Amino acid sequence: MAISTFDGPVRSLNGFYSQGPGNVVAVTASTTLTVAEHAGKVIKVGGTLASNIVLTLPAINTSASSPVAGPGTDPNTLNNQGAVFTIWVDATVATSSVKIGTNGTDKFIGSVLSIDSDSSGAMAGFIPGASNDYINLDGSTTGGVVGTCITITSLTTNKYMVNGVIVCTGSPATPFADS
């Protein structure tokens, strides 16, 4: 399908919705995420996973569209500001880990709530440190149990905003780390 665009704001009086099998993308091995294939969709992690997979977010690009492309902004622009990646764990990653990382220059801001899935129901909130560019889900204390859902948005130069709920086992521990 060709790339299309609107010039100016889009308004709907009854909302927008997406549906169909193309809106959920299954990932079972290390993958470099792209705006075209993964942004705005649910990225389902689960099933039979390759050992220790890494999901690499695209480098944040906040460059302006070419002034000679037109009319309006260029639908082929490399600018990915505002792209949203939703990662949902469909099956506990107990025998492998899932790491969600950036290019090392881009860092995380925001927060996640971690909830213990056992009888204690312990909860803890975590925010990334200034140098954190990885989210590590180990299927145990740092999350990755069924129901984990993280939303990551390309916010501005070198900043991905993260929020979500991670489900863990045992005492919750921060999933944020350095590469």
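Up top is the structure these notes are about.
This text gives an overview of the structure that appears in the document. Only a predicted model underlies this, so the values are computations on that prediction, with no experimental measurement involved.

1. A closer look at the packing of aromatic side chains
Line of reasoning, step 1. Going through the model one piece at a time under the given rule, you end up with two aromatic pairs.
Line of reasoning, step 2. Judged by centre distance (6.4 Å) and plane angle (45 degrees), the rings of Phe-108 and Tyr-160 are tilted. Taken together, the positions of Phe-108 in strand β7 (residues 107-116) and Tyr-160 in strand β11 (residues 159-168) put the pair 52 residues apart, joining distant regions of the chain. Tyr-160 shares its class with Phe-108; the two are buried.
Line of reasoning, step 3. Where Phe-108 meets Phe-176, the ring centres are 6.4 Å apart and the plane angle is 50 degrees; that geometry is what we call tilted.

2. A few points about unusual backbone geometry
Line of reasoning, step 1. Backbone geometry at Asn-158 places phi at a positive 65 degrees, although glycine is not the residue there.
Line of reasoning, step 2. In this structure, Asn-158 sits in the loop between β10 (149-156) and β11.

3. Concerning the sheet that holds strand β5 (residues 84-89)
Line of reasoning, step 1. If you walk across this open sheet you meet the seven strands as β1-β3-β5-β10-β11-β7-β8, and the pairing is mixed. Pairing within the sheet leaves two strands with one partner each, and these edge strands are β1 (24-27) and β8 (123-126). Each strand axis lies, on average, 15 degrees off the axis of its neighbour in the sheet, ignoring direction.

4. Topic: the environment of Asn-61
Line of reasoning, step 1. Here Asn-61 shows up in the loop between β4 (53-56) and β5.
Line of reasoning, step 2. Taking C-alpha positions, Asn-61 is 9.6 Å from Thr-77, a pair spaced 16 residues apart along the chain.
Line of reasoning, step 3. Among all residues touching Asn-61, those that are not within four sequence positions of it are Leu-78, Asn-79, Asn-80 and Gln-81.
Line of reasoning, step 4. Among the polar contacts made by the side chain of Asn-61, one reaches the side chain of Ser-63 at a distance of 2.6 Å.

Definitions and limits used
- Residues numbered from 1 in each chain as written.
- Predicted model: local features only at pLDDT ≥ 70, side-chain atom pairs only at ≥ 80, totals over all residues.
- Heavy atoms only, no water.
- Phe/Tyr/Trp six-rings, centres within 6.5 Å; stacked < 30°, edge-to-face > 60°.
- Helix = DSSP H or I, 4+ residues; strand = E, 2+ residues; numbered from the N terminus.
- Buried < 20%, exposed > 50% of the residue type's maximum accessible area, 1.4 Å probe, protein only.
- Pairing = 2+ DSSP bridges.
- Axes fitted to C-alpha atoms, helices over the stretch in contact; angles between N-to-C directions.
- Contact = heavy atoms within 4.5 Å.
- Polar contact = N/O pair within 3.5 Å; in protein donor to acceptor, adjacent residues only side chain to side chain.

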